[in-house]
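Here is how the chains run, residue by residue.
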Amino acid sequence: MTETENRVADPAGTWHAPQALATLRALHREGTLTARYGRVRALLTRMPASDLPAAGQLLARLDPREVCRHTDVPVVAVSVTGHSTVAPLVAPLTAELARHGLLLEPKVAPYGSYLQDLMRPATPGEDQPQVTLCLLDAHTVFDDVTVPWRVEDVEAAARARLSLVAGAVRAHQEAGRGLLVVNTVPLPRRYSHQLVDLRSRARLGAVWRDFNRGLLLLAEKHPGVVTVDLDPLVAEGVPAWDARTAQYARARLSDALLAAYAREAAHIVRARLGRTRKCLVLDLDGTLWGGVLGEDGSAGVELGAGLRGEAFQEFQRVLAQLASQGVLLAVSSKNDSDTVRETLRTHPAMVLREDAFVRVNANWKAKHDNLRDIADRLGIGLDSFVFVDDSLFECGLVAEQLPDVAVVRVDEEPALHPSALLADGWFDLFELTEADLQRAGRYRTEALRQEFREDFGSYQDYLEGIGLEVVLRSPRESEIGRVSQLTLRTNQFHLATERLQVPQVAARTLRQGQHVIAVRARDRFGDHGLVGALFLRREAEVLRIDNFVLSCRVFSRGIESACVAAVLEFARNTGANAVTGRYVPSPRNSAFSSFYAEHGFTVTGTDPDDHNAVVFRHDLGDVAPAPAHLRLHAAFGPSDGETV
Amino acid sequence: MTTALADIEAFRTLLQEELGLLVEAEDLDRPLDDFADWDSVLLLRLVTVVETLLGGRVPVVDLLETRTFRQMYEVVVR
């Protein structure tokens, strides 16, 4: 007997694999789940969401250290605390993180200890969790209310409790203890309906919203705080609580709501680790419109008119909304290129025109080859891609050939396309920056640069013709968010891979002897914007480059060399006798392991504080100038003069 | 009673598959206190699973008062 046999088949068809849970159970039964953990992600990817908590129960029993001995999987330390019993979150969170290729190392707080947990000072030498989840529920307020109660009593309790929570959150943030996630609290009917007069009941609703509003505003006040709004999850039909679990185990959020919350929490963790996806590659027939373009012709596809046509148009509006926030859209379609371009240009109901896409690959090649081509042309990794198609065959093939690509299978019901796409927060990030809003425009400008390049005999001629200007200076306040985002999202040219939230970047701009330098670049085609950052620290006669990060959009133009030249020049002008740089190997930055060596530095050993870090040193004897094809403007600080 | 939990062996399989607890036949009469992994949160998970499976309500308080897995099974199928 397995429960799997009793579950209803997933309505989305066979994209979801109902046998995946049975396979996982078989591995568990054989005792080989730890050794074969490498298979887990693929099994979970196609597992119906309703099976994930059961999978989580098995995965949560594994010892993370044992798993690491067998599989190379990134470990995320998450501290779970809250007002009530929070342990039931561990299993669904384990499964949700495993879906994204992450191994949970949970630290679960005892019952009701959240205020103490948040407010205690950071212990020196203690390993800080990467993320703290603090679960709040209706008892957070109602524990302070005694029978008989009136709305005024709840209002007073909610105010007092909000102020306590806000104080604890502030203490947590001021102690620099990392990302903190709180949540809004659904109001259970069992409280609202203890009030028999309808006016009071409505008033309770208003009081409750004020409490939740206060929790939501915490995220505005503290850049290191995220408030997960549980309302949209409950609105999808998830029960907020279970009377018996609440009564007997003091777990005041239902298993179903915890499962939905775990999914959101996993997206936050992913964003925290710089794993936000950037590009959405779409199929056309059955995905952006109904029918078959090759057979029905441009005028014959279902779009705009008719019930299904309107649903496809609505899906396009959702895509346009995502695109307006920096998600790059591209097309991979097995169709004739001219017909596709004609349709994108002229179909009266298209919301997304040709210029909404950074690439349109309409041809008869395999989709995984097209995805690779799009990745190459845009210069971003396949792990930044989401692929959407209605064909089970295409989805299956892409999933098999390119396991790094997130595959979203939409089915034959276009009204469900938006929910399918938004089921995972693939593009969730902490805050939008100017760079996000302009991203698509920048990639299109990049295509113009490529055409320009093709007119030149050599790459050096091209660089000389492009009129590149590089500006190095302290970031303005409005640019701190972008600097943080670069550290969070950049994987390749990220020499010491140090992820910094906004407050951490802000703190470094203020600290004596430290410099945060923003790198901006523009050329004759347009402004690249803020593309890099240097984190410098002066220690006596030595200027240390703690970290150096540069967006992959601007590689191979000499910008990185210009930055080094500027730092060396700055060091010499301010009386330093050496500059050191650190390289910390990560899974994605190996191409730049000898970057410092190529710029006149020599290896001196490893960092005593971090044995993974290789330290390079430049004694300022022979400082190479910045590449001649670009103009460099560098101003490192108010008292440092300006070197041009 | 449905056939889904026909005997205590089926119950043991359920503990293993749904909760990840490897309970051997000889463990069924051992006190629950011997199982470091066992707690009331798991018991409530078990309630959800069993109720989904059997389509009826399980008496949670009776279940909380059991001392062994066998007693638990007896409450579930009562």
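The sections below set out a description of the structure shown in this document.

The rules we used
- Residues numbered from 1 in each chain as written.
- Chains lettered and ligands numbered in written order.
- Predicted model: local features only at pLDDT ≥ 70, side-chain atom pairs only at ≥ 80, totals over all residues.
- Heavy atoms only, no water.
- Helix = DSSP H or I, 4+ residues; strand = E, 2+ residues; numbered from the N terminus.
- Rg over C-alpha atoms; globule rule 2.2 N^0.38 Å.
- Contact = heavy atoms within 4.5 Å.
- Buried area = accessible area lost by both parts, 1.4 Å probe.
- Salt bridge = Lys/Arg side-chain N within 4 Å of Asp/Glu carboxyl O.
- Polar contact = N/O pair within 3.5 Å; in protein donor to acceptor, adjacent residues only side chain to side chain.
- Nonpolar A, V, L, I, M, F, W, Y, C, P; charged D, E, K, R; others polar.
- 1 Å grid on protein atoms, 1.4 Å probe; cavity = no way out; pocket = protein on both sides within 12 Å on 5 of 7 lines; lining within 4 Å.
- Points joined across faces, edges and corners; volume = space filled by probe spheres on them.
- Pairing = 2+ DSSP bridges.
- Axes fitted to C-alpha atoms, helices over the stretch in contact; angles between N-to-C directions.

**Some remarks on the overall build of chain B**
Looking only at helices and strands, chain B has four helices and zero strands in total. Shown N-terminal to C-terminal, the secondary structure of chain B runs as helices and strands in the order α-α-α-α. The C-alpha atoms of chain B give 11 Å as radius of gyration, which agrees with the globular expectation for 78 residues (12 Å, within 12%). The principal-axis extent of the C-alpha atoms belonging to chain B is close to 30 × 25 × 20 Å.

**Details of the interface of chain B and chain A**
Counting residues at the interface gives 28 residues for chain B, matched by 20 residues for chain A. Together, the buried faces of chain B and chain A total about 2000 Å²; carbon and sulfur atoms form 56% of this surface. Ranking the residues of chain B by area buried against chain A places E17, E18 and R45 of chain B at the top, with a combined share of 30%. Inspection of the region where chain B meets chain A yields five salt bridges. Residue D37 of chain B pairs with R61 of chain A through a salt bridge whose shortest N-O separation is 3.6 Å. The interface formed by chain B and chain A contains six residue pairs in polar contact (both at pLDDT 80 or more). Of all the secondary structure elements, the ones that give two or more residues to the side of chain B that touches chain A are α1 (8–19), α2 (40–54) and α3 (60–64) of chain B. Element by element, the count of residues in the side of chain B that touches chain A is highest for α2 of chain B, at eleven residues. Across the side of chain B that touches chain A, the residue classes break down as 16 nonpolar, six polar and six charged.

**A word on the layout of surface pockets**
In this structure, the second largest pocket occupies an estimated 560 Å³ of space. A60, R61, A87, V90 and A91 of chain A are, among the 27 residues lining the second largest pocket, the residues nearest its centre. Among the elements of the structure, α3 (52–59), α5 (90–99), β2 (103–108) and α12 (243–249) of chain A together with α2 of chain B are those that each provide at least two residues to the lining of the second largest pocket. For the lining of the second largest pocket, the residue count by class is 19 nonpolar, three polar and five charged.

**Section: the sheet that holds strand β6 (residues 279–282) of chain A**
All names here are of chain A. Within the open sheet, the five strands sit side by side as β8-β7-β6-β9-β10. Their pairing is parallel. Only two strands of the sheet have a single neighbouring strand rather than two, namely β8 (357–363) and β10 (406–409). Direction aside, the axes of adjacent strands within the sheet are offset by 20° on average. Examined bridge by bridge, β6 and strand β7 (residues 328–334) share four bridges and lie parallel to one another. Residue pairing in the sheet places V281 in a bridge with A330 of β7. In the packing of helix α18 (residues 392–401) onto the sheet, contacts are made with β7, β9 (385–389) and β10, and the angle to β10 comes to roughly 170°.

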